[in-house]
Amino acid sequence: MMDEQYRELLAGYVDGELTDLEKLDFERELSHSAELRAELQEFMQLKEVTNTMRYADIPDAVWDSYWESLYKKTERGLGWIFFSVGAILVLAFGLYQAFHQLFTDPNAPLWLKIGLPMATLGLGILLVSYVRERIFAWRRERYSEVEK
Amino acid sequence: MTSKKEVESMNSDSALVMSIGTGDKTAFRVLVERHKKTAYGMALGLVGNRDDAFDISQEAFLRVYRSAKSFDHKQPFLPWFYTIIANLSRTWLRRRSSRDHRMVDLDEAASFLVSDDNPEEAVIHDQQVTRLRQALLQLSFADREIIVLQHFRNLPYDEIAKLLEIPRGTVMSRLYYARKRLAKLMGSHDG
């Protein structure tokens, strides 16, 4: 069973991160541990594969517009906060007034007292769902404008 | 408002974040230009999808912008920034796995790594590369994180230790186990 210390040193050995003393200690252990030699070979092969690869970059056009896009988001964030708070206040007040009038009116039919709140709730759910879908679709289509 | 020249003379990221805290957008721009590719690269390694890595990197900068005032300027910027990226990536991966499993299909994932080999060698390595891509996507977040930082960001151990705020020995230990699991997963994709 391999000592935990040599597991750590093995990683460092593969990456050339050991001090001279650590390297000496590791190589001494390596000379008489077949298990360690097998693991070293496995890690060296892995390193060899990853060394031939890198992450693909995104197109230059996207980098060029990175700041503009981010800057708009900082402005948009503030705009959305004001808009959302204002819209919620106006909508809440409007709905309160409408429902207050409806429920305090003894002549209003029962079907209207049940139907209108249900329709309002349903509309709200549909609106939220639609907006979420549009945001998701927009994210997926970001690169459609970039020339390949 | 600080002039662009003055801002550029401020070398440390922490100084820039301090200026951002006062609403200085020029300082914010300098910070963004300095770290945008790193942010994108880190997010890409963690989520394996270009569009989402782009969004995560921008969201991370927005969070820096919004919380610059609360940043402890005695602390280094990059570990804090990396934590934001890692947290956003974790959240995004959780949402993705519960929202739409088709998004992690291998065709899409295969687009995020390319081989540096010449065309002939690339053909020879193609199978190995495909196996690595598949295996990376199956690793846990913690394993993928340490593999990406060492193998694909090429960060020395000391920098990884600072970034993840863990001791150097833990970096070596985590790398050992992450590599063991990666090698095992690659083996399971053989044939």
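Here is what the cut-offs are and how they apply
- For every chain, the first residue of the written sequence is number 1, and numbering continues from 1 along that sequence.
- Written order decides the labels, with chains lettered from A and ligands numbered from 1.
- For a predicted model such as this one, the threshold for reporting local features is a pLDDT of at least 70, and the threshold for listing and counting side-chain atom pairs is 80 or more; totals across whole chains, interfaces and linings nevertheless cover every residue.
- Helix and strand definitions here come from DSSP, where helices need a minimum of 4 consecutive H or I residues and strands a minimum of 2 consecutive E residues; each element is numbered from the N-terminal end.
- Exposure in this text rests on C-beta crowding, where 20 or more other C-beta atoms within 10 Å of a residue's own make it buried, 12 or fewer make it exposed, and counts in between make it partly exposed. The C-beta atoms are placed from the backbone.
- Whether two residues are in contact is decided by their C-beta atoms, placed from the backbone, lying within 7 Å.
- Under the grouping applied here, Gly and all other residues not named as nonpolar or charged are polar, the nonpolar ones being Ala, Val, Leu, Ile, Met, Phe, Trp, Tyr, Cys and Pro and the charged ones Asp, Glu, Lys and Arg.
- A residue's pLDDT is simply how confident the predictor is in it, with values from 0 to 100.

## Describing the overall build of chain B
Then, in step 1: Each helix and strand counted, chain B has ten helices and one strand in total.
Then, in step 2: Listed N to C, the secondary structure of chain B is α-α-α-α-α-α-β-α-α-α-α in terms of helices and strands.
Then, in step 3: Burial analysis of chain B (191 residues in total) assigns 34% to the buried set.
Then, in step 4: Partitioning the contacts of chain B with sequence separation of at least 6, the portion at a separation of at least 24 is 58%.

## Quick word on the interface of chain B and chain A
Interfaces are often described in size by the accessible area the parts lose on coming together.
Then, in step 1: Counting from both sides, the interface comprises 39 residues of chain B and, opposite them, 28 residues of chain A.
Then, in step 2: The set of elements that each furnish at least two residues to the side of chain B that touches chain A consists of helix 3 (25-47), helix 4 (50-67), strand 1 (113-115), helix 7 (119-138), helix 8 (141-152) and helix 10 (168-188) of chain B.
Then, in step 3: Residues of the side of chain B that touches chain A, tallied by class, amount to 19 nonpolar, eleven polar and nine charged.

## Re the confidence of the model for chain B
Residues and elements named next belong to chain B.
Then, in step 1: Here chain B shows a mean pLDDT of 81. Residues at 70 or above account for 76%.
Then, in step 2: Predicted confidence for residues 101-111 stays below pLDDT 50, and this span has 14 contacts to residues more than four positions away or in other chains.
Then, in step 3: For this predicted complex, the interface score ipTM comes out at 0.72, alongside a pTM of 0.69.

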